Amino acid sequence: MAQTLRWLLRPISFLESCRRRFGGTFSVRFLGFQTPMVMLSDPEAIRALYGNPEHRLPPGRTFALLPILGPRSLLLLEGRDHLARRRLMLPPFHGERMRAYESTVREVVARDVETWPDGEPFAVHPRMQSVTLEVILRAVFGVTDPERRTRLADRVARLLADTASIGLQLGVLLSRRFGAPDPLTRLQALRLQIDAMLDVEIAERRADPREDILSMLVAARFEGGEPMDDAEIRDQLMTLLLAGHETTATGLAWTVDLLVRHPAVLERLVADVDAGEQAYLRAVVTESLRLRPVVPLAGRRLAAPLRVDGHVLPAGTDVTPAIWLAHTRADRYPEPFAFRPERFLASAPATSSWVPFGGGVRRCIGAAFAEMEMRVALAEILRRRSLRAASRSAERVARRNVTFSPAGGTRVIAVARDPVAASGDGDRVRR
Ligand code: HEM
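So, how was this worked out
Residues numbered from 1 in each chain as written. Predicted model: local features only at pLDDT ≥ 70, side-chain atom pairs only at ≥ 80, totals over all residues. Heavy atoms only, no water. Donors = N, O, S within 2.8 Å, 3.2 Å for Na, K, Ca; no water. Helix = DSSP H or I, 4+ residues; strand = E, 2+ residues; numbered from the N terminus. Near = heavy atom within 4 Å. Polar contact = N/O pair within 3.5 Å; in protein donor to acceptor, adjacent residues only side chain to side chain. Pairing = 2+ DSSP bridges. Axes fitted to C-alpha atoms, helices over the stretch in contact; angles between N-to-C directions. Contact = heavy atoms within 4.5 Å. Phe/Tyr/Trp six-rings, centres within 6.5 Å; stacked < 30°, edge-to-face > 60°. Buried < 20%, exposed > 50% of the residue type's maximum accessible area, 1.4 Å probe, protein only. Lys NZ or Arg CZ within 6 Å of the ring centre and 35° of its normal. Core = buried A, V, L, I, M, F, W, Y, C linked by side-chain atoms within 4.5 Å. Parallel < 35°, antiparallel > 145°, perpendicular 65-115°, else oblique. Left-handed = near helix turned anticlockwise from the far one by under 90°. Nonpolar A, V, L, I, M, F, W, Y, C, P; charged D, E, K, R; others polar.

## Some details on the coordination of the iron atom of the ligand
And step 1. On the protein, Cys364 (SG) is the one donor atom to the iron atom of the ligand, at 2.3 Å.
And step 2. Examined against the element boundaries, Cys364 turns out to sit in the loop between helix 15 (323-326) and helix 16 (367-384).

See below:
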């Protein structure tokens, strides 16, 4: 119980104290689980873990997400069923298609920024949540009735807010431990309402295919030639809507928090964005996802033994990279706690010591989408507003669903910039 509470309430200090006491590999016993979870941070062990496509999923992911996403969600399937879906769902997220989504991000962010209070403190995280929800809805459903999109956005946001609280997370764990009713079942009514709305969209695409991601899912065929049925498409849509927006919003909020607390980095980034350059912007996003990884764990249940630090973990063990610890190893990242995008200017991160998107055959299919969205959104914000911190201390980490997010919502003060900058024509601006 004590370990679970510390994990829920003070996750980073819990991880750091485990590292100090036990080193890079240790096991944690969470309330409600039969077996402990082994956490590791050694890059070689992470490479070996993610390199074996036979490993399965630990039970935590399934019981936390199944009532919300549905049983056939890509995030929850295993083995051949998983790979077959993954093949169907990857094409819309291929790197080359990202350009098509850039203008959507730019437009949605620009509209939102215009509603920000000028010179008054406000929380950026909720703004980013509504921006990324709107972006993923537009990418998935394309041009659809705006009123319908707003209704769907409201319900999806409510579902997420309802599942976010620590009380609920603890309730779920207690119900597993003591057999009480699972509090997640009360979310079923909301999920049913959302399903009904998704059914309308699916039927429309079947009758009249378009360019959006939903049309691609409807048209996709398994190797045997059969399509996904409607119930499955609903699960995959929920997966994309939920996996695709909360995470990216949180990544953006953390990036803003880091930027406003590192004025030299912010200044350099603004100058680069004004000059229409991308390299430093890319490095800022990579460094932010290193120092503030949004998803703390992306584990596997071993299908075969795994060698770690001279020990052999037997098949059946639940193992996960402790992503925050893997990203702050002094042997991989000099001055590991410093926010220094420069470290990624000359070279891209190594796949075994930079794992914000997990790895191997389950690596996040939206990684390119998320990084594109973060870059385009940041550039658009910085062209339009000068930002500064609204409080003295950096954000504390709080849990929200499966993510680690800024506890105070990232409060900043934004001031409108010279309109020349906002035109985004790449001219350097006097400031
Ligand atoms: C900063 C933003 C994001 C972060 C940090 C993130 C992180 C992750 C992580 C850690 C996993 C588990 C990987 C594993 O087990 O190895 C994952 C899986 C997944 N993510 Fe993301 N994600 C982000 C954005 C997105 C977006 C934008 C989408 C879709 C539009 C998306 C869709 C998915 C899906 C469908 C999976 C399941 C993949 C599979 O099991 O094969 N994610 N993500």
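There is more to say, and it comes next.
## Remarks on the site of the ligand
And step 1. For the ligand, the set of nearby residues contains 27 residues, the closest of which are Arg61, His82, Arg86, Arg300 and Cys364.
And step 2. Taking Leu74, its main chain carries an N or O atom lying 3.5 Å from an oxygen atom of the ligand.
And step 3. For the shell around the ligand, the secondary structure elements donating two or more residues are helix 5 (79-89), helix 12 (230-260) and helix 16.
And step 4. In terms of residue count, helix 12 provides more of the shell around the ligand than any other element does, five residues in total.

## Examining the sheet that holds strand 11 (residues 411-416)
And step 1. Pairing within the open sheet is antiparallel, and its three strands lie in the order 3-11-8. The sheet is open, and its two edges are formed by strand 3 (121-123) and strand 8 (385-389), each paired on a single side. Averaged over all adjacent pairs, the angle separating strand axes in this sheet is 45°, with direction ignored.
And step 2. Summarising the sheet, strand 8 and strand 11 pair through five bridges and their orientation is antiparallel. Bridge pairing in strand 11 places Ser386 opposite Val415.
And step 3. Together, strand 3 and strand 11 form the strand contacts of helix 7 (residues 124-141), whose direction differs from that of strand 3 by roughly 45°.

## Things to note about the packing of aromatic side chains
And step 1. Per the counting criterion, the structure on display carries nine aromatic pairs.
And step 2. Judged by centre distance (5.1 Å) and plane angle (50°), the rings of Trp116 and Phe122 are tilted.
And step 3. Overall, Trp116 belongs to the buried group, its relative accessible area being 5%.
And step 4. On the basis of relative accessibility, which here comes to 7%, the residue Phe122 falls in the buried class.
And step 5. A connected cluster of aromatic rings, assembled from ring pairs, spans Trp7, Phe14, Phe30, Trp324 and Phe404.
And step 6. The ring of Tyr333 carries Arg290 above its face, with NZ or CZ at 4.8 Å from the centroid.

## Some thoughts on the sheet that holds strand 4 (residues 300-301)
Strand pairing in a sheet is mediated by backbone hydrogen bonds. Such pairs are either parallel or antiparallel.
And step 1. Strand order in the open sheet made by the four strands is 1-2-7-4, with mixed pairing throughout. If you trace the sheet from one side to the other, it starts and ends with strand 1 (26-28) and strand 4, each paired once.
And step 2. Bridge count between strand 1 and strand 2 (residues 37-40): three bridges; the pairing is antiparallel. Bridging from a neighbouring strand, Phe26 pairs with Met39 of strand 2.

## Describing the pairing of strand 11
And step 1. Of the strand pairs in this sheet, strand 3 and strand 11 are connected by three bridges, and their pairing is antiparallel. Opposite Ala123, over in strand 11, you have Arg411 as the bridge partner.

## Notes on the environment of Pro406
And step 1. Take Pro406: it is sitting in strand 10 (residues 403-406).
And step 2. Judged by its relative accessible area of 3%, Pro406 falls in the buried class.
And step 3. Between the C-alpha atom of Pro406 and that of Arg19, which follows or precedes it by 387 residues, the distance is 22 Å.
And step 4. For Pro406, the residues in contact, after removing those within four places along its chain, are His125, Thr250, Ala253, Trp254, Glu395 and Arg396.

## Re the nonpolar core
A general tendency of soluble globular proteins is for nonpolar side chains to be buried together.
And step 1. Ranked by size, the top nonpolar core spans 107 residues in total, and within it Val140, Phe141, Leu237 and Phe369 carry the most contacts.
And step 2. Looking at this core, the element that brings in the most residues is helix 12, giving 13 residues.
And step 3. Those residues in contact with Leu237 that sit more than four places away from it in its chain are Val140, Phe141, Leu198, Ile202, Leu214 and Leu217.

## So, the packing of helix 10 (residues 188-207) against helix 12
And step 1. The geometry of helix 10 relative to helix 12 is characterised by a closest axis approach of 10 Å and an angle of 110° between their N-to-C directions. On the basis of the axis angle, helix 10 is roughly perpendicular to helix 12. For the element pair helix 10 and helix 12, the recorded crossing hand is right-handed. Residues Arg191, Ile194, Asp195, Leu198, Asp199, Ile202 and Arg206 of helix 10 form the contact with helix 12, whose participating residues are Asp230, Ile233, Arg234, Asp235, Leu237 and Met238.
And step 2. When the residues that make up the contact of helix 10 with helix 12 are grouped by side-chain class, the tally is six nonpolar, no polar and seven charged.

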